[in-house]
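Tertiary structure, described
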Amino acid sequence: MITNNFTPLENNGKNKPQTKITAPSLTGFIAKIEGHGSLKIDWDKNSVKLHVDEGERLFEGILVGRPAEEAHWITSRICGVCPIAHNLASLNAVENALGIKISETSKLLRDLMQCGQMIQSHVLHLFFLALPDYIGLDRGTELVKKEPKLFKQALTLKEMADEIAYVIAGRNVHPTTTTIGGFHKAPSKKDLEKLLEKLNMAEEAVEQTLNFFSGLQYPELKVDLELVSLQDGKIVSNKNKSVPIEEYKQNIEEELRDYSTAKFGKFQNREIMVGALARLSFKENKYNLDFSNPFYNNLAQAIEISEFHKKAIKIIEKLLSMEPKNDIAAPVENPSLKGIGTIEAPRGGLYHEIHLDDKQNIIYANIITPTVQNLTSIEKSAQALLEQTKNFENKRRGELLNMLVRAYDPCITCSVH
Amino acid sequence: MEKPKIAIYDFTDCEGCEVKLISLREKLLLLEKKVEIVNWRLGQEKFEPGPYDLTIIEGTPITPEEVKLLKELRENSKILVALGACAGLGGIPAMMPEKDRKMWYEKIYTSQYHPRGIDAVPLSAHVSVDFIIHGCPVDEDEVLNAIECILSNKKPNYRDYSVCYDCKLANNVCRLLNDKQCLGPITQGGCKAICVSGGSPCYGCFGIREEANISALKKIFDPVELLKMFHTKTKL
């Protein structure tokens, strides 16, 4: 029921609270991560489990029976932090099912959307969720007093990334312009020029953010991490043989845990870490990233902000130099109707598989998110942290465990979906 | 005078409406000066167990724990506001019919799994809601408008015009005139017609407007399928 008699705050004496909130699920959640998870630590046994308590939305079921054109509209709502990644993965899956090859312009515009997505998500995580741990604050906005210059730069980056999403995707959260085969609406030359100006103006903020995060002291931890990312149609590991994306289902197993509504993923039965640190492990290590310490994922994100900022500028310059044609590509005759769509989302490799009937209605959907793959690694690293901090006070160890979970930037919402 | 105590909670959802709160940027800082945010899991560790002057809730209550918490929050809050389509209308999660959940749990998780969720419904299915800030996701200006009204002891109002009005302001070509489906005429405005401006249909995430002429729209096309997106579990 929606109340019709709205009582203003000052006269509102009703519900003089008699009780305090007692719901047991209320206090245990890890703050400053996306979604609802908690760490259950057994100090005596020196063991730790990551409980996931998010409700199941059953997206793979919601999609079945709906038209293909709604897939990217619905799946972007899996996650408000990385909606563009889900949007593009679904489009990619449906286009593969229909044998559609998108135009060069559409491809560039989508790559640009992805740059915006990476920066949006990394900025949100670094400044509002992770950084407070490092400088003794609670809420990210308190930075405005302690580090006013840095906070201003955070806002500049957020604004710049949101602007990419607005101009190309139609909105900062949940795209409106994308469709099967291309774009409903593409930005004008003038829009792109203005966007380029905004990106150029953010350069100082990008650099200083990178400097700041390069100078932070990351907690010590040594974990035997296997890092995995998607490259050129392959799932690539820093320790083992790579496999083609088409074989994702045979290689990424999802296990049930009785303490979690999210499945726990493994790659060929091993724990893997995906995301910014994993992606950078395949590139030149200019910033002394420690690839056996997951806390360095924070620095990796700051580096990626700079990389995707540069990439976005290049894409816009390319778009401005050509005659962009916004045409929506059509399906081929007799398509396979089965498609896999993948993308490197901010938190790592994202897989959407969609099957259609001949009327282009969805008959099957499978989604594996980056956080599903990371959950298993988070537990492994948390266990390593417990073992390597035995001489610390438990309070400090608890804080470090929360920081570690945050460093992975888990998206619990995505992991349950 | 003591600052009003605000609590921000999220149930099961995508958290995109909270991302919109952070996207307020400088305006969020101004707002923070007028209030005390005593609980916001996504934004801070600090937590006070109530009572709250204003509780803003995002997401649908799906699990029994969420329903219990929602009822306690209602008891402990002077004003309770639903933030976004999931809290206000049930949103995308409500597209899953309750009777189908068992089948999908088995298909997605296998029969070994012990499900937590019961049914995704809007907040108003369990408690009284004082105001809904509509949208999937919410619009930043609508959020500010509603909160500022509440802080100055005014009743925030629902928009008494349809998305068509927003569309005119945005200079959009009417979708219906081009034989494209759209729920704009029966949907409450305030969204700046952002989806139609991007080339997508209006799926009605701002809720059905008062005195909507649904039968007239039915003469043009059958809106039933489009309405499923956000209105499966709301009464029309």
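Scope of this entry: the structure provided in the associated data block. What you are looking at is a predicted structure, and each value in this text was computed from that prediction instead of being measured. (Residues numbered from 1 in each chain as written. Chains lettered and ligands numbered in written order. Predicted model: local features only at pLDDT ≥ 70, side-chain atom pairs only at ≥ 80, totals over all residues. Heavy atoms only, no water.)

Quick look at the overall build of chain B
Here is the rule: Secondary structure follows DSSP: runs of H or I at least 4 residues long count as helices, runs of E at least 2 residues long count as strands, and numbering of each begins at the N terminus. For the radius of gyration, the atoms used are the C-alpha atoms, and the globule rule reads 2.2 Å times the number of residues raised to 0.38. The cut-offs for exposure are 20% and 50% of the maximum accessible area for each residue type, with area from a 1.4 Å probe on protein chains only; residues under the lower value are buried, those over the upper are exposed, and the others partly exposed. Any two residues whose heavy atoms approach within 4.5 Å at even a single point are treated as in contact. Each accessible area is a Shrake-Rupley result for a 1.4 Å probe, and residues are judged covered by the shown protein chains and nothing else. Neither His nor the chain ends contribute to the count of charged residues, in which Lys and Arg are positive and Asp and Glu negative. Charge positions are represented by NZ for Lys, CZ for Arg, CG for Asp and CD for Glu.
The number of helices and strands found in chain B is ten helices and five strands. By the compact-globule yardstick of 18 Å for 236 residues, chain B fits well, its C-alpha radius of gyration being 19 Å. By principal-axis analysis of the C-alpha atoms, chain B measures approximately 55 × 50 × 30 Å. In chain B, buried positions account for 62% of the 236 residues. Of all intrachain contacts in chain B linking residues separated by at least 6 positions in sequence, the fraction that spans at least 24 positions is 74%. Total accessible area on chain B is roughly 9,700 Å²; 54% of this is exposed by carbon and sulfur atoms. Averaging the coordinates of the 31 positive side-chain charges in chain B and doing the same for the 33 negative ones gives two points 3 Å apart.

Thoughts on the environment of Ile180(A)
Residues and elements named next belong to chain A. Locating Ile180 in the fold gives a position in the loop between strand 3 (178-179) and strand 4 (182-183). Remark: the alpha-carbon pair of Ile180 and Glu203, spanning 23 residues in sequence, is separated by 34 Å. Among all residues touching Ile180, those that are not within four sequence positions of it are Ala68, Glu69, His72, Leu91, Val94, Glu95, Leu98, Ile100, Ile328 and Ala329.

Digging into the sheet that holds strand 11 (residues 348-356) of chain A
All names here are of chain A. So the rule is basically this: Pairs of strands are assigned from DSSP output, requiring at least two bridges between the strands. Inter-axis angles, ranging from 0 to 180 degrees, are taken between N-to-C directions of lines fitted to C-alpha atoms, where helices are fitted over the stretch in contact.
Strand order in the open sheet made by the three strands is 10-11-12, with antiparallel pairing throughout. A strand with exactly one partner marks an edge of an open sheet, and here the two such strands are strand 10 (338-345) and strand 12 (362-368). Averaged over all pairs of adjacent strands, the angle between strand axes in this sheet comes to 15°, irrespective of strand direction. Note that strand 11 and strand 12 share six bridges and pair antiparallel. From the neighbouring strand, Ile354 faces strand 12, where its bridge partner is Ala365.

Concerning the interface of chain B and chain A
Quick reminder of the rule: Two parts placed together each lose some accessible area under a 1.4 Å probe, and adding up what both lose gives the buried area. Salt bridge, as used here, is a side-chain nitrogen of Lys or Arg placed within 4 Å of a carboxyl oxygen of Asp or Glu. Note on residue categories: nonpolar means Ala, Val, Leu, Ile, Met, Phe, Trp, Tyr, Cys or Pro, charged means Asp, Glu, Lys or Arg, and polar means any other residue, Gly included.
In this assembly, 87 residues from chain B lie in contact with 83 residues from chain A. Counting the surface lost from both chain B and chain A, the interface buries some 7,500 Å², and carbon and sulfur atoms represent 60% of this. Between chain B and chain A we count five salt bridges in total. Between Asp53(A) and Arg116(B) there is a salt bridge; the shortest N-O distance is 3.4 Å. Counting residues per element, the side of chain B that touches chain A draws most heavily on helix 3 (residues 64-75) of chain B, which supplies seven residues. Within the side of chain B that touches chain A, the residues separate by chemical class into 43 nonpolar, 19 polar and 25 charged.

Some remarks on the packing of aromatic side chains
Here is the rule: Centres within 6.5 Å make a pair out of two Phe, Tyr or Trp rings, where for Trp the six-membered ring is used; the pair is then stacked when the planes are under 30 degrees apart, edge-to-face when over 60, and tilted otherwise. Placement of a positive charge over a ring is assigned whenever Lys NZ or Arg CZ falls within 6 Å of the ring centre and within 35 degrees of the normal to the ring plane.
If you walk through the whole model with that rule in mind, you get 14 aromatic pairs over all chains. For the ring pair Tyr105(B) and Tyr113(B), a centre distance of 6.0 Å and an interplane angle of 40° mean the geometry is tilted. Grouping residues by exposure puts Tyr105(B) and Tyr113(B) together as buried. Ring pairing ties together the aromatic residues Phe127(A), Phe212(A) and Phe213(A), which thus form one cluster. Sitting above the plane of the Trp73(A) ring, Arg77(A) keeps its charged end 4.5 Å from the centroid. Across the ring face of Tyr109(B), the terminal group of Lys263(A) is positioned such that the distance to the ring centre comes to 5.4 Å.

Side note on helix 12 (residues 370-388) of chain A
Because each turn of an α-helix spans 3.6 residues, side chains separated by three or four positions in sequence point in the same direction. Residue and element names in this part refer to chain A. The cut-off we apply is this: One less than the residue count of a helix, multiplied by 1.5 Å, gives the span that helix is expected to have. The term bend refers to the angle at a residue between two fitted axes, each drawn through seven residues, those ending there and those starting there.
Between its first and last C-alpha atoms helix 12 spans 27 Å; for 19 residues at 1.5 Å apiece the expected length is 27 Å, and the two agree. Along its length, helix 12 shows its largest kink, about 25°, at Thr376. Judged by how many residues are buried, helix 12 sits mostly within the fold: 15 of 19 residues are covered.

Quick look at the pairing of strand 10 of chain A
Residue and element names in this part refer to chain A. When you tally the buried positions in strand 10, you get seven out of eight residues, the bulk of the element. Bridging between strand 10 and strand 11 involves eight bridges; their strand directions are antiparallel. The partner of Thr342 across the bridge, within strand 11, is Tyr351. Linking strand 10 to strand 11, which pair antiparallel, is a turn of two residues.

Quick notes on the pattern of salt bridges
Any two side chains of opposite charge can pair, on the condition that their charged atoms come close. Residues and elements named next belong to chain B. As enumerated under the stated definition, the model contains 45 salt bridges over all chains in all. The salt bridge involving Arg41 is made with Glu15; its shortest N-O contact spans 3.1 Å. Pair noted here: Arg41 is in the loop between strand 2 (36-40) and strand 3 (52-58) and Glu15 is in the loop between strand 1 (5-10) and helix 1 (16-22), with a separation of 26 residues, a long-range link. Measuring nitrogen to oxygen at the nearest pair gives 3.5 Å for the salt bridge that ties Arg25 to Glu26.

Re the environment of Ala71(A)
Residue and element names in this part refer to chain A. As for its placement among the helices and strands, Ala71 is situated in helix 2 (residues 71-75). Residue classification places Ala71 among the buried positions, given a relative accessible area of 0%. What Ala71 contacts, discounting residues up to four positions off in sequence, is Leu63, Ser90, Val94, Ile354 and Ile362.

These figures come from the coordinates and say nothing about function on their own.
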